[in-house]
Amino acid sequence: MAYPFQNIEKKWQEYWNAHESNKVERDSTRPKYYVMSMLPYPSGAGLHMGHPIGYTGCDIVARYKRMSGFNVLHPMGWDAFGLPAEQYAVKNKLHPRTTTEANIKSFRKQLDALGYGYDWSRQIDTTDPEFFKWTQWIFLKIYNSYFDTKEHKAKSVDDLIKKFEANGSADIPVQKPRDFKEFSADEWKKFSGKEKAAVLSNFRLAFISDAPVNWCPELGTVLANEEVAEQQEKRLYRHPTQYASVDAAHHRLC
């Protein structure tokens, strides 16, 4: 007897979605278990064979733990920021948000067709403003903090500025660079905004520094390593004189 999977699986997948069968509620009476799969990059029209290999294993563990009495959180989301999604959009001559949203719908449809037990109410999309506003918030917290070596914790850069204003750089609870030049409170007050920013950059948990990059004068931006060969292939024939080795500013010109 043939197994009519087109009818049976569609019926139950629709039931699971309609009744949110895999939604997780807080339950302190059961032990917790968290299963986290690598979020897929929605940079193509659909899943590839590598996705189900990992996701099937995670789903098996999640189902086993759920049947063993655990309150299992098994979410899914989309790591949608980055070069692959942008390149896919460029290749198809569409806006990245248009292609990303379409790809996410396609990916989810395919994941549901495979019968995975995800709690879609916990879905994460890294291009969602409600998500990345928090990554930006976290970055600002890190950028505006320094590590206090006496209290062994991060503290606001504003506290460090007050110490500079009161006593200069003497006896500040931070690890100083080897080439750090000490200054007095009066000298700090006379520093320009640029000079003060340079001093603070020595102590911020997130800081600005010089580093080699792949600079493209035609595009007016930096390139990822995998983009360099592609851009060279496109323009080498037309602009053979634009290519140069690493210059004094540590920039590789494409």
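For clarity, every value in this text was computed on a predicted model and none was experimentally measured. (Residues numbered from 1 in each chain as written. Predicted model: local features only at pLDDT ≥ 70, side-chain atom pairs only at ≥ 80, totals over all residues. Heavy atoms only, no water.)

Remarks on the packing of aromatic side chains
Tallying each qualifying case throughout the model produces 19 aromatic pairs. Ring centres of Tyr 55 and Tyr 116 lie 6.5 Å apart, and the angle between their planes is 85°; this geometry places the pair in the edge-to-face category. Taken together, the residues span a long stretch of sequence, with Tyr 55 in helix α2 (residues 50-67) and Tyr 116 in the loop between α4 (96-113) and β4 (124-125) at a distance of 61 residues. The exposure classification of Tyr 55 matches that of Tyr 116, with both residues buried. Between Trp 134 and Trp 137, the aromatic rings sit 5.8 Å apart at their centres with planes inclined by 75°, giving edge-to-face as the arrangement. Remark: Trp 137 and Trp 134 occur in helix α5 (residues 129-143); sequence separation between them is 3 residues, near one turn of the helix. On the accessibility criterion, Trp 134 (47% relative accessible area) is partly exposed. (Phe/Tyr/Trp six-rings, centres within 6.5 Å; stacked < 30°, edge-to-face > 60°. Helix = DSSP H or I, 4+ residues; strand = E, 2+ residues; numbered from the N terminus. Buried < 20%, exposed > 50% of the residue type's maximum accessible area, 1.4 Å probe, protein only.)

Examining the pairing of strand β7 (residues 213-216)
Where burial is concerned, the two faces of β7 differ: the one with Asn 214 and Cys 216 is buried and the one with Val 213 and Trp 215 is not. Relative to strand β8 (residues 221-223), β7 is paired through 3 bridges, and the arrangement is antiparallel. Note on β8: the bridge partner recorded for Trp 215 is Val 222. (Pairing = 2+ DSSP bridges.)

Concerning the nonpolar core
The nonpolar side chains of a soluble globular protein tend to be buried, and buried together. Among the nonpolar cores identified, the biggest contains 12 residues, and these are Tyr 146, Val 157, Leu 160, Phe 164, Ile 172, Val 174, Phe 180, Phe 183, Trp 188, Val 199, Leu 200 and Phe 203. Those elements that place two or more of their residues in this core are α6 (157-167) and α8 (193-200). (Core = buried A, V, L, I, M, F, W, Y, C linked by side-chain atoms within 4.5 Å.)

Concerning the side chain of Thr 100
Among the structural elements, Thr 100 can be located in helix α4. With a relative accessible area of 5%, Thr 100 lands in the buried category. A distance of 2.7 Å separates a polar atom in the side chain of Thr 100 from the backbone oxygen of Pro 96. Excluding residues that lie within four positions of it along the chain, Thr 100 makes contacts with Pro 42, Ala 80, Ala 85 and Thr 127. (Polar contact = N/O pair within 3.5 Å; in protein donor to acceptor, adjacent residues only side chain to side chain. Contact = heavy atoms within 4.5 Å.)

Overview of the environment of Ile 172
Looking at where Ile 172 falls in the secondary structure, it is placed in the loop between α6 and α7 (185-190). In this structure Ile 172 comes out as buried when scored by relative accessible area, which is 8%.

Here we look at the confidence of the model for the protein chain
Counting all residues, the mean pLDDT for the protein chain is 85, and 89% of those residues have values of 70 or more. Segment residues 236-254: pLDDT under 50, and 31 contacts once partners within four positions in sequence are set aside and those in other chains are kept. (pLDDT = per-residue confidence, 0-100.)

What about a nonpolar patch on the surface?
Residues Tyr 3, Phe 5, Ile 8, Trp 12, Tyr 15 and Trp 16 make up a contiguous nonpolar surface patch of roughly 590 Å² in combined accessible area. Tracing the backbone shows Phe 5 in helix α1 (residues 5-18). By relative accessible area, Phe 5 is classed as partly exposed at 43%. (Patch = residues over 30% accessible without salt bridge, like charges linked within 9 Å, V, L, I, M, F, W, Y side chains within 5 Å. Areas by Shrake-Rupley, 256 points an atom, 1.4 Å probe, with all protein chains shown as cover. Salt bridge = Lys/Arg side-chain N within 4 Å of Asp/Glu carboxyl O.)

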